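Letter by letter, the chains look like this.
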Amino acid sequence: MAIDRRRFLIGAGAALGAAFAPRRGNADASSAASLLYVGACADAAGGYWVAGFDRAGVLSFATALPGRGHDILLHPDGDELLVFARRPGLWFVRIGREKGELRQIVEAAAGRHFYGHGAFSPDGKRLYASENLIATGDGLLGIYDATDGYRRLGEQPSFGIGPHDLAYLPGTDRMVIANGGIRTHPDTGREILNPDSMAPSLVTVRPATGELLNEVDFGPALRTLSIRHLAAATDGTVAFGCQSQGDPFDLPPLVGLLDPDGKARFLDMPETDLGALANYVGSIELDRDGTVVAATSPHGGMVAYWDRPSGRYLGRRAMSDVCGVAPTAVAREFMLTSGNSGVELSPVAAEALHPLAAGLADWSWDNHLIAV
Amino acid sequence: MQHPASGTAGHRRARRSVGLLLVVALLPFLVPTGAPAAPPDLQPIALKVAQEFVLPRYMELATDAAAERDAWDRFCRQGADIAALDHAYYETADAWSAIEILHYGPIGIGVRHERMAHWPERKNAVDKALTALLAHDDLAGMTPEAFAQTSVAGQGLSALERLLFDPENRQALTTGPEAAKRCAAGKLIATSLATIAGEVSLEWSASDGPVASLGAGDPAKAKLMVTRIATDLLSIYQLVGDMKLDAIMGESAELARPALAEGRRSARSSRALQLDLEAARELTRLLIGTSPDAAPILAALDEGIVLTDALPPDFGPLALEPAGRAELALIRQQVREARDLSNATVPAVLGVTLGFNSLDGD
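Keep in mind that what you see is a predicted model, and the values were worked out from it rather than measured. One numbering rule holds for all chains: residues counted from 1, following each sequence as written. To label them, take the chains in the order written and letter them from A, then take the ligands in the order written and number them from 1. The predicted nature of this model means local features are confined to residues of pLDDT at least 70 and side-chain atom pairs, given and counted, to a pLDDT of 80 or more, with totals for whole chains, interfaces and linings taken over all residues.

### Quick notes on the overall build of chain A
Logical step 1: Along chain A, the regular secondary structure elements total 2 helices and 28 strands.
Logical step 2: Against the compact-globule benchmark of 21 Å for 372 residues, chain A has a radius of gyration of 19 Å, which places it among compact chains.
Logical step 3: Seen through its C-alpha atoms, chain A measures out along the principal axes to roughly 50 × 50 × 40 Å.
Logical step 4: Buried residues are those with 20 or more other C-beta atoms within 10 Å of their own C-beta, exposed residues have 12 or fewer, and partly exposed residues lie in between; C-beta atoms are placed from the backbone. Within chain A, the fraction of its 372 residues that count as buried is 58%.
Logical step 5: What counts as a contact here is a pair of residues whose C-beta atoms, placed from the backbone, lie within 7 Å. In chain A, of all internal contacts separated by at least 6 residues, the share reaching a separation of at least 24 is 48%. Helix and strand definitions follow DSSP, with helices as H or I runs of at least four residues and strands as E runs of at least two, each counted in order from the N terminus. The quantity called the radius of gyration is restricted to C-alpha atoms. Its globule counterpart is 2.2 Å times the number of residues to the power 0.38.

What follows is the structure, encoded as structure tokens:
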């Protein structure tokens, strides 16, 4: 991985500060203006950043990163954020939640790299990061002590290849892991080394003990369907989004739900709309109340919505290069970010999207967006 | 391949870099702000692309699609020579191939792009949509608004090609009890194509359209247009390379799938390929033609275009035998070269960051 040290040094201390209220998913619509949206992004000169903005489109901070970022994680205490490098990543950084000031860079352990995602234990004391044991390609959960400078405490198996997103089931000690099933190696970048033996799976583990509690795979017909991203609802249902690595003329389902009883099912949508997702979901999210599932496809330039309780498909909206998606403080509404079209608000009931301040389009927004 | 537990040499070097950063990056820095660098003036580039590429190509598409609609109307009323429908189809399909590269602008509103053509076709979507359409009781009485609510796979050129050129469908269009119904279906599709093409052409040149907004001198609009169109340019290489060539060729002759070639029923898969490359060449010239970096991209595309000249009308069967595969591989090589060069230079020359999620997501 190439890191532009000079550029990073210039930007490392750069952060524009502004206060915002630390409430995520607050049911009170009056909190809408104070919610902050944070995403990794790039500038026109090729520099990589993490930036936060509010509903009005006002930038709160922009902090330089050592390289391209991927997911962002809010510590349960609400004071700081972690930004993970895009896979194969060699770092994650701690930044302040309000001003985005850089607090620490944590390196990947020897012989391991990050996959771009992590999850905090409910008490906030442990961080689990999806990692690759480079020598063997085995998937790992790296375990870090969040109370001690993210000292690496050890690792445990992810029970699959290429773990990507992780999600704790709210109010429990159980975590769901999306094992993408794809083996890669830093020497060959993102090249898929096991196209003929992909083995994606959705597993549920108890991280505190390392126990495997449940495992779901979709069988040989969907062997090339890489399970990538997760969004957990408070009732223990987990929405998942997939990317097909198989025949581009196939039309596999891409979005599903893992029910609290450990059974997975795909969500229906018209075949033409499924085709419009171009066999690729980049991010998945639930709205404030957990009733609407949103799945973005930058390849198709589309976001698609489902009513979660009924599984009913609600339609799709077009936005070029859309990928980042986060719930707003308003029910049935999402904030969407794009690599080439800025940021737009999408009330699910409306066909139209509403662009935020034009200045946000100066940035090329990356894969994920979170609301904090 | 080396897989040491401690990581490879390159891996270790990168790790040392992070280590150095760790030490120095935490020192207090007083350098203000992280605003993106200002891009170069993109206004003249955007105007040139709009005036020399977008407007004339959509105007041609609107003209050809209107002529095709009229041809179907005449055919349905007078039973005119079916060759007139063939000709009208070829003209419209060519005009579409010349501008299908573009997703930015009015064509991107709603699902207009998909309604113009539905390719790649998955799970026989076009067949299923056409079958459902033909099962309708009163196609002659169906309004354009009602037709717009039917499956998008059955609304565009892909469905029209199936209706007109598939041998069984062609027979049923000219004789037999279903001829009138099939004619009505063709007219509905052609009317929809003409309507969308006309609307898109008008909207581009409207007083509040994209071109007018450029004339108002808003640099943000110019930047957005150039960024989006450059993203479309780089995306066409994926469509042409991965879908139109790779997926047809397969990894070997045994795995080739010539029946999937776009436009094979109307024997214009090679033409579609060539027009895609020609559109990419013209867009490259207009976007970065003044840069020396453009020359090798244009050369690769020129070579690819010349190679497509030698192909039969439908290149699909070439994928089944070694000599044909070699021919296609040469074209694919030029496409890949143009793609790699473009990825490396187009954003840098224009000073923009393209939509990297669609080009390189995770």
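### Overview of the pairing of strand 13 (residues 175–179) of chain A
All names here are of chain A.
Logical step 1: Burial of strand 13 is extensive: 5 of the 5 residues sit out of reach of the surface.
Logical step 2: Here strand 13 shows two buried faces, one formed by M175, I177 and N179 and the other by V176 and A178.
Logical step 3: Any two strands between which DSSP finds at least two bridges are classified as paired. Taken together, the 4 bridges between strand 12 (residues 163–168) and strand 13 define a ladder with antiparallel strand orientation. Pairing of L166 across the sheet is with I177, part of strand 13.
Logical step 4: Between the antiparallel neighbours strand 12 and strand 13 lie 6 residues, among them G171 with a positive phi of about 75 degrees.
Logical step 5: Across 5 bridges, strand 13 lies against strand 14 (residues 201–206) in antiparallel orientation.

### Focus on the sheet that holds strand 2 (residues 48–54) of chain A
Consider a sheet: its strands pair through backbone hydrogen bonds, and that pairing is either parallel or antiparallel.
All names here are of chain A.
Logical step 1: In spatial order, the strands read 3-2-1-28; together these 4 strands make up an open sheet with antiparallel pairing. At either end of the open sheet lies a strand with only one pairing partner, and these are strand 3 (59–64) and strand 28 (364–371). Across the sheet, the axes of successive neighbouring strands diverge by a mean angle of 20 degrees, strand direction being ignored.
Logical step 2: Judged from the 5 bridges that link them, strand 1 (residues 36–42) and strand 28 form a sheet pairing that is antiparallel. Within the sheet, the bridge partner assigned to Y37 lies in strand 28 and is A371. Simply put, an axis is a line fit to the C-alpha atoms, just over the touching stretch for a helix, and the angle between two N-to-C directions goes from 0 to 180 degrees.

### Quick notes on the environment of B:L164
Residues and elements named next belong to chain B.
Logical step 1: Mapped onto the elements of the fold, L164 is located in helix 7 (residues 157–165).
Logical step 2: Sequence separation of L164 and R182 is 18 residues, and the distance between their C-alpha atoms is 9.4 Å.
Logical step 3: With residues up to four places along the chain from it excluded, the contact list for L164 reads L85, D86, Y89, R170, L173 and G186.

### Some remarks on unusual backbone geometry
Logical step 1: Here the residue pair A:R87 and A:P88 is connected by a cis peptide bond, since its omega of -10 degrees sits within 30 degrees of zero.
Logical step 2: Looking at the secondary structure, you find A:P88 in the loop between strand 5 (80–85) and strand 6 (91–96).
Logical step 3: The peptide bond linking B:W119 to B:P120 adopts the cis configuration, its omega dihedral lying at 5 degrees.
Logical step 4: Position of B:P120 among the secondary structure elements: in the loop between helix 4 (112–116) and helix 5 (125–134).

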